[in-house]
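So the chains spell out like this:
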Amino acid sequence: MRRLWYNLKITFKNKELIFWTFAFPIILGTFFYMAFSGIKTAQDFEPIKIAVVENEKNQLYPVYHQIIDGLSEPESENRVFETKYVKNQDEVTAELDEKKIEGIITFSDNDFPKLTIKESGMNQTILQNVFTEIEQSIMLGKQLEYSEIKNTYAPRYEYIMIEYFSLMAMACLYGAMISTKALDKNLANMAASGKRIAVAAISKAKIIVTVLVTSYITQLIGLALLFAYLTVILGIDFGGDLPVIIGFTCVAALLSLSLGIFISVIFKVSENTKDGITSGFTMFGAFFAGMMGPEMKYVIDLNLPIINKLNPTAIITDGYYALVNYGMNERFWTSVISILIYAAVLSSVSIMVLRRQKYDNL
Amino acid sequence: MTTFKAFLKIVKKNLWLIIMYSAILVFCVVGNNHTSTGITNFTATKPQVLVYDHDESEISKNLTKYIYDRSNQPKIADRDDGLDDALYYNNVDYVIFLEKDFGKKVANGEKPKIEVKSAKNYDAYLAETILNRYMGVVNSIAPASETEIVKSAEVVLKNETKAELTTKIDTTALSNLARFFTFLNYPIIAGLVFMVAYTTASFKREMTKKRMMVSATSYRSINSKLLIYNYGIAMILLVMYIVLGLILNGDMMFTSYGWLMILNAAFMSVFATTFALLLTNLLHSNNAILAVVNVTAIGSSFLAGVFVPIEWMPEAVVNLGRILPSYYYTNSNTVLTSIEEFNFETLQPVFINLAVLLGATIITIIINNILTKKQK
């Protein structure tokens, strides 16, 4: 117990370690929140700004005027346009160039209207579609009779949540630095304290177990802080099944624990390089898991699934995704089992190498 | 030469970082690029739509064809939750399910109800207008036989409002080019700053510093050499990224847009190198440098609209981003995409942004000099 307490004190005194495992994910979470908080609003449909050049000589103009007015009603649920009427196209050409309006509708004396737009795009396509619909309705000589459309898809969460899932996954794996550093201190080839331990008459197994327990506790504290920051302070909703989310996070932390031991034992390089390996591996993995754009995870899952099946950040991210969207289904359990297998393989390799490790004796 | 050799040795050690960030750049750009048709006529945006036709009648087949001609059909994962996954990630925007007897109901004038799954984004809205238009026309023609409805509907549906474009540039190719240079902000800050800071920091370690002080070479000479080497590294990396840009964007790189974006990236690289030198004056541990570089690279990229379009961000966040040089760098790329004719007036916002980058570089150099003086 005393050894555990000392180890915890040593870990928490390491400022760099605390930065990477505690502060860095929280800083990233803040950036995500700042950048993504407006996305839902941005995806809501905004009326398309158009200008209509009046031409009373055209017989169809009054019909179009009436329909456009109906589609431009500010209070209407079906509002599509924000319209202004002008006498001459030149009055609004500059506005079109500066993208202040999306299109200009002009009427020749005896034809359907023509649409002038600056460039092709989403709003321009919608604009062209709506005017085509009006044109076709006029051709049929009656109002189009629509069918009722029933949407049955209602996702529980915005797709941007993948960013937060991958952030949690990244934080889990950054925790590997804790076990790497803690174990390094006990390896004779890495630290002076390790040499002393190697020659001391104390149980190595007990020391290793203490190191692992300390690292695991520190990781869980870091993850709990991040989770509390995201949910309580930023108000990110991870769903109602809190005990399962916590349980899954604890399992994911096991993977980072074994990854840290693996890096510590396998790579015979300096402490800084080991940190570089952990952060590089995790960041690159986080990129494939959708941290810099959720689409990336989907593209990789669909086209190169093997990458994300081997990528621990993606495995953890997918576990959160499955849990939050579909509950504890087969996909969620696949993630849990994958994490456990990954952790078991890394730990077994590390133990084998650790057991064979011998140092020169006198 | 000795300094250069030592410098190169450290650079080589960190080459993996540059490779990693370049790979991220390529993945990001390739993943988001749109195929340019090279034409400057109006091209309708195509949403990602799937139709599940359980009826296979004449009308349902015609509707499917009508929808598919105006949309793309994405590939989805072959598993139970494949469709929901695709909708969640916006890989599919709209899914239409046509029930059994759909054609018969239309023919009888019953206006059948249609079940859909919509991602509720702009593309889904567009898909719904296409579906609505088709259904509106066929329902208005009914009741009639399926063959008659399809025949009459085709006559009406082929009439579309004429759209004329005022731009004479290939906007798709231009926005792909702008996207490449905008993403470049991340590797410049993450890769270049780290490389320069890490390399310079190695020369500032106490033991190395002492050895340099007692050597025959003057401290000033070593410093100026380091400065030249660092700017050299920045320019080599920039050339490497230009080659990468050439592979991804082709001839667009050699247009006025391409040259101006390269100039903009060069200004950003010079600022990044100067910023890296400031970091080495402020921080002495490699880990601390790595931490600051990571936070700066990701933070500035998010706030400057590299990963998320700036128009989607709340105004307060955009205003906060204005304190970062990255904002002015990405803003120039955005401004350039809307310029049709190059003259002083249209290019003024780009010149202002370049001046801001230059100003930020000069301020960083001044702070750096003050710190160096104090450290002496």
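Residues numbered from 1 in each chain as written. Chains lettered and ligands numbered in written order. Predicted model: local features only at pLDDT ≥ 70, side-chain atom pairs only at ≥ 80, totals over all residues.

With 72 residues of chain A in contact, the opposing surface of chain B contributes 70 residues. Broken down by secondary-structure element, the contributors of at least two residues to the side of chain A that touches chain B are α2 (15–36), α3 (39–43), β4 (114–117), α6 (122–140), β5 (149–151), α12 (271–288), α13 (294–303) and α15 (312–326) of chain A. By residue number, the principal contributor to the side of chain A that touches chain B is α6(A), which donates 13 residues. For the side of chain A that touches chain B, the residue count by class is 38 nonpolar, 19 polar and 15 charged. Bridge analysis of β5(A) against strand β3 (residues 114–118) of chain B gives 3 bridges, and the strand direction is parallel. Of the residues in β3(B), the one forming a bridge with Asn151(A) is Val116(B). (Contact = placed C-beta atoms within 7 Å. Helix = DSSP H or I, 4+ residues; strand = E, 2+ residues; numbered from the N terminus. Nonpolar A, V, L, I, M, F, W, Y, C, P; charged D, E, K, R; others polar. Pairing = 2+ DSSP bridges.)

On to the sheet that holds β4(A), then. The strand order across the open sheet built from 5 strands is β2(A)-β1(A)-β3(A)-β4(A)-β4(B), with neighbouring strands paired in mixed fashion. Strands at the two margins of the open sheet, each flanked by one partner only, are β2 (81–86) of chain A together with β4 (163–165) of chain B. Taken pair by pair, the neighbouring strands of this sheet meet at an average axis angle of 25 degrees, ignoring direction. (Axes fitted to C-alpha atoms, helices over the stretch in contact; angles between N-to-C directions.)

Its 19 residues give α6(A) an end-to-end C-alpha distance of 27 Å, which sits within 8% of 27 Å, the value for a rise of 1.5 Å per residue. Looking only at α6(A), the buried set comprises Gln124(A), Thr125(A), Ile126(A), Leu127(A), Gln128(A), Asn129(A), Val130(A), Phe131(A), Thr132(A), Glu133(A) and Gln136(A). Here the buried face of α6(A) lies against β1 (48–53), β3 (103–106) and β4 of chain A together with α6 (122–141), α7 (146–157) and β4 of chain B. Immediately downstream of α6(A), the backbone of Gly141(A) shows phi near 80 degrees, a positive value. (Expected span 1.5 Å × (residues − 1). Buried ≥ 20, exposed ≤ 12 C-beta atoms within 10 Å, placed from the backbone.)

All names here are of chain A. As paired strands, β1 and β2 are joined by 6 bridges and run parallel to one another. For Lys49, the partnering residue across the bridge sits in β2 and is Glu82. Read as a crossover between parallel neighbours, the route from β1 over helix α4 (residues 61–71) to β2 is right-handed. (Right-handed = clockwise from strand over helix to strand, strands pointing away.)

Turning our eyes to something else, we now look at the nonpolar core. Counting residues in hydrophobic clusters, the biggest one holds 188 residues, and the most contacted among them are Ala35(A), Ala169(A), Cys172(A), Val138(B), Val193(B), Ala197(B) and Ala272(B). Looking at which element gives the most residues to this core, the answer is helix α12 (residues 256–282) of chain B, with 13 residues. Excluding its chain neighbours within four sequence positions, the residues that come into contact with Ala35(A) are Phe302(B), Leu303(B), Phe307(B), Val308(B), Met313(B) and Val317(B). (Core = buried A, V, L, I, M, F, W, Y, C linked by C-beta atoms within 7 Å.)

With that settled, consider the packing of α2(A) against helix α8 (residues 176–184) of chain A. Residue and element names in this part refer to chain A. Packing of α2 against α8 leaves a shortest axis separation of 9 Å and a crossing angle of 155 degrees. Between α2 and α8, the angle falls in the class roughly antiparallel. Relative to α8, α2 is oriented so that their crossing is left-handed. For the pair α2 and α8, contact is made by Leu17, Trp20 and Thr21 and by Met177, Ile178 and Lys181, respectively. A per-class count over the contact of α2 with α8 returns 4 nonpolar, 1 polar and 1 charged. (Parallel < 35°, antiparallel > 145°, perpendicular 65-115°, else oblique. Left-handed = near helix turned anticlockwise from the far one by under 90°.)

Shape is all these values report; function is a separate question.
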